[in-house]
Amino acid sequence: MNVQIIVKVDGREVADFQEECSTLEALEFVRHTEKLKDRVGRVVLEVGFQKCADQLRHPCCCGRPMRNHGRRVVTVTTQSGPVAYERTRYRCRSCGAWQTPVDALIFCGKHRITRLLARNICQLATLEHFTRLEQLVADQHGVNISHDPMLNLVHDVGEAADAKRLADVEHWTEQALACLRESGGEGLLNWMWDEVKRHRGGPRETLQKLINSVQPKLDRTEYPAYRDQGWQIGTGMIESTAKQLVGLRLKDPGMHWSIQRATAMTALRAQDLNNNWHHFWKNLTLTT
């Protein structure tokens, strides 16, 4: 069968493909069809990326327009294959920083791979070993990318995911501590019940466990009342005490303690650290 594909963008013809496709073998016919799709995709992407590059505004840095350092061709790997386009590079007159604005829109970070292809590579990497990744990407997406660029891509995206996780945890923790500080345990519980309604699955189960842990301790979480009395509510003093009272004496290499003897030793250290040693011995009475 003879196939003709005319590609028009904004009414202007940009490509005309004519292919003779054999239908004798279904697998080869499907492969040929996929290659045709990729050819059309590369043409459309090339025109679209170029239009995107031409439409971007002149960037500024350090409060001034950046210097135009001319246009250069760059090739980015897409799911349809490599696509080249011409874009302008800029440099700051003050700090010397370089920018290629359109690359920031098309590339996945510093990698010359589109975000869509990068997403698919990273998803495969969560399931398969890196030794197989190169061949799997070639088989499943028809794109040839060597081992090291994919390894670096996955690591960079993974680090960004971990940074986002830590930021989310920090934000959630700050909100929870603010509720605890201002409204005590009851305020924290009310806030967590609202959070439970907003989540599903694993996060909801984790929140429920945290609620079950906080509920029995409400009588010890009246932090607004403690602050009104001028009492310490931070953990620093307790942590320092634990280090001085327990850590420095009981945690040396090779030490083994029963609960009874560890308690006895910490009681003695407490007398010494509180400058009560001599008074303690004057009044000491041991049973015989």
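Residues numbered from 1 in each chain as written. Predicted model: local features only at pLDDT ≥ 70, side-chain atom pairs only at ≥ 80, totals over all residues. Heavy atoms only, no water.

Visitor: Sorry, what's going on with the side chain of Thr 78 here?
Guide: Turning to its location among the elements, Thr 78 is positioned in strand 5 (residues 67–78). There is a polar contact of 3.0 Å between the side chain of Thr 78 and the backbone nitrogen of Ser 80. Among the polar contacts made by the side chain of Thr 78, one reaches the main-chain carbonyl oxygen of Gly 81 at a distance of 2.6 Å. With residues near it in sequence (within four places) discarded, Thr 78 still touches Leu 45, Phe 49, Val 83, Thr 114, Leu 117 and Val 143. (Helix = DSSP H or I, 4+ residues; strand = E, 2+ residues; numbered from the N terminus. Polar contact = N/O pair within 3.5 Å; in protein donor to acceptor, adjacent residues only side chain to side chain. Contact = heavy atoms within 4.5 Å.)

Visitor: How should I be thinking about the nonpolar core in this particular structure?
Guide: Nonpolar side chains in soluble globular proteins tend to be buried together. Counting residues in hydrophobic clusters, the biggest one holds 16 residues, and the most contacted among them are Ile 121, Leu 133, Val 137, Ile 145 and Leu 153. Residue assignment for this core shows that the elements contributing at least two residues are helix 3 (115–125), helix 4 (130–141) and helix 5 (147–198). Judged by nonpolar contacts, the second largest core, of 14 residues, contains Ala 176, Leu 207, Leu 218 and Tyr 223. (Core = buried A, V, L, I, M, F, W, Y, C linked by side-chain atoms within 4.5 Å. Buried < 20%, exposed > 50% of the residue type's maximum accessible area, 1.4 Å probe, protein only.)

Visitor: What is the right way to read the packing of helix 4 against helix 5 from this model?
Guide: For any two helices packed against each other, one specifies the inter-axial angle together with the distance between the axes. At a minimum axis separation of 10 Å, helix 4 and helix 5 run at an interaxial angle of 110°. If you check the angle between helix 4 and helix 5, you find them roughly perpendicular. In this structure, helix 4 contributes Phe 130, Leu 133, Glu 134 and Val 137 to the contact, and helix 5 contributes His 147, Met 150, Leu 151, Val 154 and His 155. Per-class residue counts for the contact of helix 4 with helix 5 are six nonpolar, two polar and one charged. (Axes fitted to C-alpha atoms, helices over the stretch in contact; angles between N-to-C directions. Parallel < 35°, antiparallel > 145°, perpendicular 65-115°, else oblique. Nonpolar A, V, L, I, M, F, W, Y, C, P; charged D, E, K, R; others polar.)

Visitor: Looking at this structure, how should I read helix 8 (residues 236–250)?
Guide: Three or four residues apart is the spacing at which side chains of an α-helix point the same way, because the helix has 3.6 residues per turn. For helix 8, built from 15 residues, the straight-helix expectation of 21 Å at 1.5 Å per residue is met to within 8% by its first-to-last C-alpha distance of 20 Å. Its axis deflected by about 35° at Lys 243, helix 8 carries its strongest bend there. (Expected span 1.5 Å × (residues − 1). Bend = angle between axes of the 7 residues up to and from the residue.)

Visitor: Explain the pattern of salt bridges here, please?
Guide: Opposite charge on two side chains permits pairing when their charged atoms draw close. Across all of its chains, the model carries twelve salt bridges by this definition. Between Arg 87 and Asp 103 there is a salt bridge whose closest N-O contact spans 3.0 Å. Taken together, the residues Arg 87 in strand 6 (residues 81–91) and Asp 103 in helix 2 (residues 101–106) connect sequence positions 16 residues apart. Using a relative accessible area of 6% as the deciding quantity, one classes Arg 87 as buried. You can call Asp 103 buried: its relative accessible area is 6%. (Salt bridge = Lys/Arg side-chain N within 4 Å of Asp/Glu carboxyl O.)

Visitor: So what exactly am I meant to see when it comes to the packing of helix 5 against helix 6 (residues 201–214) here?
Guide: Where helix 5 meets helix 6, the closest approach of the two axes is 9 Å, and the angle between their N-to-C directions is 135°. Taken as axis vectors, helix 5 and helix 6 run oblique relative to one another. The element helix 5 and its partner helix 6 pack so that their crossing is left-handed. Between helix 5 and helix 6, the residues in contact are Trp 172, Leu 188, Leu 189, Met 192, Trp 193, Glu 195, Val 196 and Lys 197 and Arg 204, Leu 207, Gln 208, Leu 210, Ile 211 and Val 214, respectively. Taken together, the residues of the contact of helix 5 with helix 6 break down into ten nonpolar, one polar and three charged. (Left-handed = near helix turned anticlockwise from the far one by under 90°.)

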